[in-house]
Every structure is written in C-alpha cells, then in structure tokens.
Amino acid sequence: MNKFRFTPVIILFVLLGLFNACQEEVDFEPSLLTEEVLFLSGERVRLLGRVITNQNIEASDHGFQVSESEQFSQPIVISLGERTGPGRFIGETGGLKAGTRYYARTYLKTGSGEIFGNAITLESLVPAALVMAPNNGKSGIEVSISGRNFTSDTEVFFGPNRGQVLGIDFESNIRVIVPAPTVSPVVQVRVVSQGREMVLPQPFEYTTGKFSTIGVFPEGLRLFENVALQEGRDFYVGLGNLTQGSAQNLNNRFWKYDFGSGTWNEVSFPGGNHLRAFSTGKYFGGGSLSFSINPGSATLDFWKLENGAFVKLRDLPRPAYWAAAFETADAVFVLGGGFGAEKEVLKYSKSTDTWTRINDAPISINLNVMNFHYQGKQYFIDQVSKGLYEFNPANESWNVVSVYPGVLTNIRGFGLTIGDLAYVGMENRSEQVWELDLRTMNWVAKNDFPGLAQGQNVGAFQDSGNIYILRNGEIQVSGPMQFWVFDPRGF
C-alpha cells in the first residue's frame, strides 16, 4: 500500500518541471546557404539562397550581396525584405560589368545581428554579336542583330553613324533602325556593349540609286509614243505625238541633247510621221502615219542615225506598229508589231540591206515590253508571267532564265545594261527600279524614283555609268518634260 502513497507528489513535481521549462528562453541561430546561380548574363545575375531553421524567425531583411571584392566591400545589395520562416528565396540584380569575376553570398538581419551564408564565385558573360537580318535595304528600316549577353547600354553603328536601338529582347536580339548613309553604300556594322566593340561578320549594304533633275524640255513641248536614239554621247528624241498646251499633233521633228550646254536643240529630219514606231540605239522605223490605227495607215519607212545624219534604208516587209526592236553587231531585229504579228520576228541584215522573217517568239512582244541587251543576247520581261526570256540570235533560241520580282504595269518602262548589270523599271505609275546581276541572276531593288509616278519615259540613255531619263507626265497631267540622271551606285 505504501507504493501508492507518493504518486500524487511525483505527478506534481513533473508538472512543475514542465511548466518551468516552458518559461525558459532557448537561444537559436538559423543557418544560411548561398546555393547556386540560376541565371547569368553580361550585366544580370539571378541567385538562389536558403534559410535553414526548425522554427519561426524574426528577420528585418534578407537577400544577397554581390561584390567584385572577396571581402564584399561596396557590394551590390539585393534586398528582399522581412522574413519569418525557413525556405528558399531568389534574388536578381543588374548593373554587372561584362566579363568580370564577382563574389555572391546570402545575408539575414535579425535582432541579434547580421548573418551571412557561404560565398560563391561567378563571372559575368561576355557579349557577342553574331548575325544581322536583313543585311541590306534602305535607311529607316528595322533590322535585327542576334547574339548573346547584350547589355542595356548597347549601341549599334553603321559605318560612322549610330542607329536607333528600339529594344533588346532577352539580351540576345537587338532591334535597331538603320541610319542614313553618309560615307559608303556598304558599311561595317559595329555593336558596342559596355565599351566592348563587336564587328559583325557581314556588312550592311544600303539600297542605292540616286535621282537628280538636270533640266526640262524647251518650250513646254511634250512627246508621247515617240522614238529615242543614242549615238555616242548624243541623245535624240522625236517623232510620235507632240503636244503643246492642249493641242496634240503628229510630229516629224527631232531634238538632240547637248551635254556642254545642258540643252535640247532641234535637228532636221527628212522623213515623215512615225507614231508608235520602234527604235534601237541607232535604228528606227514603222509605226503609223496618222492617229487612225489600222494597217492602211502604217508606214514601212526604216531609218538609221549615222554620224548625226538620218539615212533611209530598205522598207520594212510588213507593218510594224508598236513593235519592239534591238540591234546586234550585224543585224537589227524587230519583234511583234500588232495587226496579228505579235509574235513575229523580223531580221534586218546590215551587210546586205535585206529583211527576212525568222522563228516566232514564244510570247507576245510590243513596244511596252521591258527589254535589254547583254553579250549578244536580248532579254524580255513577259507581261503576263513576269518571266525573263533570253533570246539568242545566233541560234534563234528562247529560254526563261529568271522571274522579274517587281510590279508590272506594262506601259513604257525602260531597260539598259551597264557592264554586267541590267536596270529595268519606271513603267507608268511605278516608281520601282530593279538591278539584275547577269552573272548570278540576282535581283536587287534600287531606290524608288522620287518624281511623278503618273508618267512615262520619253527616252532612256546611258553615259559614264549613269542613266539619263527624259520623263513626261500622263497626257492629262500638266507640266514640262523633266530630264533626270540616275546614278545606280549613288546614295
């Protein structure tokens, strides 16, 4: 029975002991870990840390310190604010120097002081510029430069000129507006991030082509459906429809351009009217004698410009109204011509002064089909398919060798070749000019014609690498004919 006598006393002592234990304060300090780098670029870092504790804490601040010094002097502080419990936390900062070694650690501020975690090392990445697209075009377009680790202060220079940076996406893609060129149409592109200069492997090539006006045609005269000739540096326009004011008249006059004075002067022509006649550099003929278009009004006269004089040659064997033509060293070819002869090809032998008909063309051809000559062959842009047809007079063969990338309006465009480059365009209501490299068959857009689009080319000539274009507004558009010079490489 004695063993039960002391049981209440023992229970009382145990309870008192537990109560006293709850009243005592226990000293406790949480642990900190600087775990890893989650993201790193040329100027930004994202870090992962952890608070280890088995009870709540009262921290007034926590976060990370990042410094170039291992002693963490003058650190960048990533403050994440108050904290009351354990677990992971993430902090991010910018402002790093690219390609620089840094030290990072966690910190925790409690009532008893500041606690630091372990230090880890990291090295900010070096920017790199790799690819630009597109790498050609006009000033004012937006291009993208791909790479890595671009910093927020990144600048882009096209030659000596700074482009407008619109934004940097994910530190790997720069969107920039191309500035106007001032030195060269082909420029080196430099990307500068935090003073580090990166040169892109490919240059930027500006769209070139500079137009300048050099005069107007005299007396307010305007020509339509005329011919244009060139002998050396002498440019001739004439025949066709001559308007002055509101009056329209058939014209049997010619004018020659004088480079010395920059003026057009009338020259005598012994022949009659030729409306919508064909013309090459030195040969012309056909067309109509009147505004009435029918076979009965056709003229068969055929002429040659020789040493500034007009020489009449053997008549055409058939009407050639609105036909196209070109010449080689020993022959003149007349293609199409209306009245059911849209695909017929006539050949004139310069040595024998005779005409023959050769194989037909595979497409319909007329005065408005843009064409040009290169190395003994003639090239025509089909008005329906935009296919570029190559005609070889040596064997009378036709082949499609390319497709014209521009817009066709099929009214009085021009085509000329300078060296290995062909230039075509500027049809009525089109400002486009395209360059074709005949060695590679690569098309490149040139700068648009800045003048009146509602017009047509009265004559297109070339001299010393430039193209000269006499341009007339549509018949209902008032104003004089303007003479332009186009420098294909100008900017």
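Residues numbered from 1 in each chain as written. Predicted model: local features only at pLDDT ≥ 70, side-chain atom pairs only at ≥ 80, totals over all residues. Heavy atoms only, no water.

An unreviewed UniProt entry lists the protein chain under the name IPT/TIG domain-containing protein, with Mariniradius sediminis given as the organism.

**Q** Looking at this structure, how should I read the overall build of the protein chain?
**A** Summing up its helical and strand segments, the protein chain has one helix and 46 strands in all. In summary, the protein chain has a C-alpha radius of gyration of 41 Å against a globular reference of 23 Å for 491 residues, an excess of more than 25%. Each principal axis of the C-alpha atoms in the protein chain carries an extent, and together these give about 155 × 55 × 45 Å. A burial count over the protein chain gives 48% of its 491 residues as buried. Considering only contacts in the protein chain between residues 6 or more positions apart, those separated by 24 or more positions represent 51%. A total accessible area of about 23200 Å² is found for the protein chain, and carbon and sulfur atoms account for 50% of it. Charge-centre separation for the protein chain: the mean point of 40 positive side chains lies 2 Å from the mean point of 49 negative side chains. (Helix = DSSP H or I, 4+ residues; strand = E, 2+ residues; numbered from the N terminus. Rg over C-alpha atoms; globule rule 2.2 N^0.38 Å. Buried < 20%, exposed > 50% of the residue type's maximum accessible area, 1.4 Å probe, protein only. Contact = heavy atoms within 4.5 Å. Areas by Shrake-Rupley, 256 points an atom, 1.4 Å probe, with all protein chains shown as cover. Lys, Arg positive; Asp, Glu negative; His and termini not counted. Charge placed at Lys NZ, Arg CZ, Asp CG, Glu CD.)

**Q** What exactly am I supposed to notice about the pairing of strand β23 (residues 234-238) here?
**A** Where a strand is regular, its side chains alternate between the two sheet faces. By the criterion of burial, β23 is predominantly enclosed, with four of the five residues buried. The antiparallel hairpin formed by strand β22 (residues 227-231) and β23 contains two residues in its connecting segment, where Gly232 sits at a positive phi of about 65 degrees. The pairing of β23 with strand β26 (residues 254-258) spans four bridges and is antiparallel. Each bridged residue has a counterpart across the sheet, and for Val237 the counterpart in β26 is Trp255. (Pairing = 2+ DSSP bridges.)

**Q** What is the right way to read the sheet that holds strand β16 (residues 186-187) from this model?
**A** Strand pairing in a sheet is mediated by backbone hydrogen bonds. Such pairs are either parallel or antiparallel. Strand order in the open sheet formed by three strands is β10-β19-β16, and the pairing between neighbours is mixed. Whereas interior strands pair on both sides, the edge strands pair on one side only; in this sheet they are β10 (136-137) and β16. Sheet analysis places β10 next to strand β19 (residues 204-206), joined by two bridges and oriented parallel. Bridging across to β19, Gly137 finds its partner in Tyr206.

**Q** Where do I start with the sheet that holds strand β20 (residues 210-216) in this structure?
**A** The antiparallel open sheet is built from four strands, whose spatial order is β20-β46-β45-β44. Edge positions in the open sheet fall to β20 and β44 (455-463), since each of these has one partner strand only. Put simply, the sheet's adjacent strands are angled 25 degrees from each other on average, direction ignored. Two elements, strand β45 (residues 466-473) and strand β46 (residues 482-487), share five bridges in a ladder whose sense is antiparallel. Residue pairing across strands places Tyr468 opposite Val485, the latter belonging to β46. (Axes fitted to C-alpha atoms, helices over the stretch in contact; angles between N-to-C directions.)

**Q** So what exactly am I meant to see when it comes to the pattern of salt bridges here?
**A** A side chain with one charge may pair with a side chain of the opposite charge, provided their charged atoms come close. All told, the structure shown has 27 salt bridges when counted by the stated rule. Of the charged contacts in the structure, one is a salt bridge between Lys377 and Glu390, with a shortest N-O distance of 3.8 Å. Of this pair, Lys377 sits in strand β37 (residues 377-381) while Glu390 sits in strand β38 (residues 387-392), and the two are 13 residues apart along the sequence. The network of salt bridges with common partners includes Glu205, Glu435, Lys446 and Arg489. (Salt bridge = Lys/Arg side-chain N within 4 Å of Asp/Glu carboxyl O.)

**Q** I would appreciate a short explanation of the side chain of Thr93 in the present structure.
**A** Structurally, the position occupied by Thr93 is in strand β5 (residues 87-93). On the basis of relative accessible area, Thr93 is assigned to the buried category, the value being 12%. Residues within four places of Thr93 in sequence aside, it is in contact with Glu43, Arg44, Val45, Ile76 and Ile78.

**Q** Help me understand the packing of aromatic side chains, please; the structure alone is not making it clear to me.
**A** The description of two aromatic rings rests on the distance between their centres and on the angle between their planes. All chains considered together, the criterion is met by 45 aromatic pairs. Of the aromatic side chains, those joined through ring pairs into one cluster are Phe217, Phe235, Trp255, Tyr257, Phe259, Trp264, Phe461, Tyr468 and Phe483. One cation-aromatic arrangement involves Arg105 over Phe72; the distance from NZ or CZ to the ring centre is 4.1 Å. Above the ring of Trp322, the side-chain terminus of Arg276 is found at 4.6 Å from the ring centroid. (Phe/Tyr/Trp six-rings, centres within 6.5 Å; stacked < 30°, edge-to-face > 60°. Lys NZ or Arg CZ within 6 Å of the ring centre and 35° of its normal.)

**Q** Any chance you could explain the side chain of Glu171 here in plain terms?
**A** Tracing the chain through its elements places Glu171 in the loop between β14 (164-169) and β15 (173-177). This buried residue, Glu171, is left without a salt bridge; Arg44 holds the nearest opposite charge, at 4.7 Å. Here the side chain of Glu171 touches Ser41 through a polar contact of 2.6 Å, side chain to side chain. Leaving out residues up to four positions away in the same chain, Glu171 has contacts with Phe39, Ser41, Gly42, Glu43, Arg44, Arg148, Asn149 and Phe150. (Polar contact = N/O pair within 3.5 Å; in protein donor to acceptor, adjacent residues only side chain to side chain.)

**Q** Sorry if this is basic, but what is going on with the nonpolar core here?
**A** For soluble globular proteins, nonpolar side chains are generally found buried alongside one another. The biggest cluster of nonpolar side chains holds 18 residues, and the ones touching the most others in it are Val45, Leu47, Val66, Leu96, Ala104, Leu108 and Leu122. Among the elements of the structure, β1 (31-40), β2 (45-52), β3 (59-67), β6 (101-110) and β8 (120-123) are those that each provide at least two residues to this core. (Core = buried A, V, L, I, M, F, W, Y, C linked by side-chain atoms within 4.5 Å.)

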